[in-house]
2 protein chains.
Amino acid sequence: MNVASRIAKDYRRGNDIVVVLSAMGKSTDELIAKAMDINPNPSKRELDMLVTTGEQVSVALMAMALHLLDVPAISLNAFQVAMHTSSNYGNARFKKIDRDRIRHELDARKVVLVTGFQGVNKYDDVTTLGRGGSDTTAVALAAALHADACEIYTDVDGIYTSDPRIVKNARKLDEITYDEMLDLATLGAGVLHNRSVELAKKYGITLLLCSSLEEVPGTVVREDTKVEKMLVSGVAVDKSADRISVIGLADKPGVAFKMFDLLAKKNINVDVILQSIGRDGTKDISFTVSDGDADESMAILEENRELLTYKEINLDRDVAKVSIVGAGMMTNPGVAAKMFEVLFNEGININMISTSEIRVTVLIDSHYAERAANAIHDAFIGED
Amino acid sequence: MNVASRIAKDYRRGNDIVVVLSAMGKSTDELIAKAMDINPNPSKRELDMLVTTGEQVSVALMAMALHLLDVPAISLNAFQVAMHTSSNYGNARFKKIDRDRIRHELDARKVVLVTGFQGVNKYDDVTTLGRGGSDTTAVALAAALHADACEIYTDVDGIYTSDPRIVKNARKLDEITYDEMLDLATLGAGVLHNRSVELAKKYGITLLLCSSLEEVPGTVVREDTKVEKMLVSGVAVDKSADRISVIGLADKPGVAFKMFDLLAKKNINVDVILQSIGRDGTKDISFTVSDGDADESMAILEENRELLTYKEINLDRDVAKVSIVGAGMMTNPGVAAKMFEVLFNEGININMISTSEIRVTVLIDSHYAERAANAIHDAFIGED
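Quick look at the overall build of chain A
- Each helix and strand counted, chain A has 14 helices and 19 strands in total.
- The C-alpha radius of gyration computed for chain A amounts to 23 Å, which stays within 12% of the reference 21 Å derived for 384 residues, consistent with globular compactness.
- Across its three principal axes, chain A shows a C-alpha extent of roughly 75 × 50 × 35 Å.
- When the 384 residues of chain A are sorted by exposure, 54% land in the buried category.
- A separation threshold of at least 6 residues defines the contact pool for chain A, and within that pool the share at least 24 residues apart is 73%.
- Summed over its atoms, the accessible surface of chain A is roughly 17,600 Å², and 49% of this surface lies on carbon and sulfur atoms.
- Side-chain charges of chain A comprise 43 positive and 57 negative groups, with the mean position of each set lying 3 Å from the other.

Re the sheet that holds strand β5 (residues 111-115) of chain B
Residues and elements named next belong to chain B.
- A sheet is described by the order of its strands in space; here three strands give the open sequence β1-β5-β2, paired in parallel fashion. With one partner strand each, in any of the chains shown, β1 (18-21) and β2 (73-76) form the two edges of the open sheet. Averaged over neighbouring strand pairs, the angle between their axes works out to 25° when direction is ignored.
- Bridge analysis of β2 against β5 gives four bridges, and the strand direction is parallel. Bridge assignment links Ser75 to a residue of β5, and that residue is Leu113.
- Where helix α7 (residues 133-144) meets the sheet, its contacts fall on β1 and β5, and the angle it forms with β1 comes to roughly 160°.

With respect to unusual backbone geometry
- At A:Arg109, a residue that is not glycine, the phi angle is positive and equals roughly 60°.
- Mapped onto the secondary structure, A:Arg109 falls in the loop between α6 (100-107) and β5 (111-115).
- Even without being a glycine, B:Phe117 presents a positive backbone phi close to 75°.

Reading the values: rules and limits
- Residues numbered from 1 in each chain as written.
- Chains lettered and ligands numbered in written order.
- Predicted model: local features only at pLDDT ≥ 70, side-chain atom pairs only at ≥ 80, totals over all residues.
- Heavy atoms only, no water.
- Helix = DSSP H or I, 4+ residues; strand = E, 2+ residues; numbered from the N terminus.
- Rg over C-alpha atoms; globule rule 2.2 N^0.38 Å.
- Buried < 20%, exposed > 50% of the residue type's maximum accessible area, 1.4 Å probe, protein only.
- Contact = heavy atoms within 4.5 Å.
- Areas by Shrake-Rupley, 256 points an atom, 1.4 Å probe, with all protein chains shown as cover.
- Lys, Arg positive; Asp, Glu negative; His and termini not counted.
- Charge placed at Lys NZ, Arg CZ, Asp CG, Glu CD.
- Pairing = 2+ DSSP bridges.
- Axes fitted to C-alpha atoms, helices over the stretch in contact; angles between N-to-C directions.

Structural data, given as C-alpha cells:
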C-alpha cells in the first residue's frame, strides 16, 4: 500500500507522525445511500453516528497495513482522542482537542492514526465536520500538537490556477497565500476545505498539498509566499450554485435581515447577494446558494411567505460563479474592469457581481462557464 | 422493516425499551475479510476497532427506521453508554455498565438502541466480547437496568432438543433451565452464547428466545421450568471439535498443569480431557479444542517441546462431540450407560468420555455424528 509505505519511510527517519484518514473511496456515499433507502430524511445525529464508521474502518485497516511493515501504529477515533466539537450534527466545529492520548502514543514511538472528519460534542455524541472535514481535522491536530508540518494528501498534486478539466491552460502553483486559498476554496476549487485553511491561517500552520498517488512537488500554502505576487493567482468555476430571486419584498428595514436569518438558522450559506433599489414600496433580492441547499431554501421561503410579504420567488439552477482570486489585486485597481471587459468581448452577460479585496466573482449562465473561465485565465494568467 | 415495527408496537404499549443490535447480515465477516486482505495476522486491538463499526451502522440505521414510524429513538455505542469491559481484545468481559445515559434517554421516552458485542476497556479502547456477544450485551444490560424481560431474537424460533438439520425428530422446547442451556450452548447448540446464559443465571434474568422472522412462541430459559423435568432435554452435536494427543509426557506432577496453563494463557479453551495411566515413566494426554484454536494449540505445544518433554503430538480433525443434556439426569443413574448402549448397538466406537451432573459427552469419529445423534435422540426423547 502506497500510503503505508510512505508513512513507514517517514517514521524510520525518526519523525513523530500523526496521520488523519478519511473514509475509503465511496464508503461515505454508500453509507448515506443506505440511510436514504431507510429514511429519506434521516436525523442528522444518526447520520453522523452512521457515517463516522467509515473513518474508523480506515484507521484500523491502516494500522494493520503498517504493522505488516513492522511500524508500530495505533488507531484512535474521536472518542479516544477526545476531539471536542460544537453540538451541531453534520456541521460541527472543533472547540478543543485533548493532547494526552496522542502524546502518550507518540512517546511510545507509535504512529498515531486518527479518524478525520469527526468529533464528540458535549452530549458525548459523535459529530461530523461536514464534507471535506478530514483536512480540518489534520490542521486542528497540527495546531494542537505544534507540529512542524501538515501535509495534505489528495488525488490531485497541488493547487492549480484553475480547474484543468475546464481551463486548458491551467497550471500548478508552487505557493499560494492563505487568503487566496480561502477564496479559491470558498469558490469551489474543491481541493482544500475552507475551514482547514482558516484554521491553518489562524495558527500559522504551513500546509503542503500533495498527491497521494505520485511523489511530485505539491503546492505550499502559507502567509507570505516568496515568489513574486501574481495579480491573479487563480480562476475558480463553481457550477453548483443556484440563484434564488425574491421579488416584491416590502421595502422597509429588517425584511432582508429576517429572510437571511431564517436561512442561517438552517445552516444555509448564502453567497453573492444582489438587492435592487426600492420602487413602489417594494424591492427585489437575489442570492445564490449551493445546489444542495436550493430546495430547502425555497421551502423555507414558501413557509414564511406571510412573514416576509414578497410577491413571488424563483429558482434558477442554470447559473455558474466564475471568480478571479489574487493577493496582488489589493494594490492593483482595474482588475475587475479588465475581467468584465473580457466577458463583454466574449458576449457573456453578467447577472450578478460580488467582490472582496482579493477576489471578483461574477454570476453568469452556466453554459458559458467554460468559455468564460478560459478567456479570463488566458487574459490574466496566460499559458504556462 | 419487521423489527422496527415490532419495536414500535412494543413502545406504543408504554414499555421502556432498550434494544441491542448486532451487525447486519455478513458485515462482520466482510470487515474481517478486508482486514485479512491487508494483514493475514491482524492485531486484535485493531480488529476490534474495525469490526465494532458494524454494530454502529446497525443502531444508526435502526434509529432512522424508527423515526420513520414516529418512534423517538436514539442510538448509543459502547463509548456513549460506557460499557466497561476487561482489557483483552477480541474476548473481553463486562465489568461495569453505566446506567445514567440510558436512563436519561428512557426518561425522555426514547427507545434506546445499543451496539451489541462491544465495550470499552480501561485504556479507552474498543473491545469485543467475541462472536455471539450481542446476546451477552442484552443480558448484561437487562441485569444492569433491572429489566422485566430480556427477549433474544435470532433466525431460529427457539431451542430444539437437537439440531433439526442433523436429527430428524428434533422438536422445539417450551422451557429449559439455565444449566441445561449452558451445557447445550457450550456443546455447540449454537443458539445462545454461553456467556449470556451464565449472566442470565447469575442475575436471574428470564430469557425468551424467539424468531426475528415470524411471531411464534419461542423458548423460555429460566431457573426452574414448570413442565415435568425430562430425563434428557437435548442432544447436542459439535463437529467443530479437534482432538490433540500428546504422547509420552513425563509422568510427574505439574506437567499437565504446565501444558494447559500455556494454552489457557492464549485464551484457548480445552474441553474433553483424557489422561492415560502412567507407564514406563510417561503418560499420554488427549484433549479437544475448537477448530479455530487447533493450529495455534499445536504451535504452542511445538514451541514448548523441551519444557513439556513429550515424544510426539498428533492432531485429529475428524472427530465430533455428541452430548446429552438434562436436569433430570442428576437423580437418574444409568443414563450414561444407556447412551453407551445405544452407540454400541449402532456399531459406533467411543474415543473419549466426559460427564457432568447433567451432561454426558462422547467423542466419536465425525462421520458417525449424524447417526449417533439420531439414535440417541430417538432413544431418549423420541418423536414429537
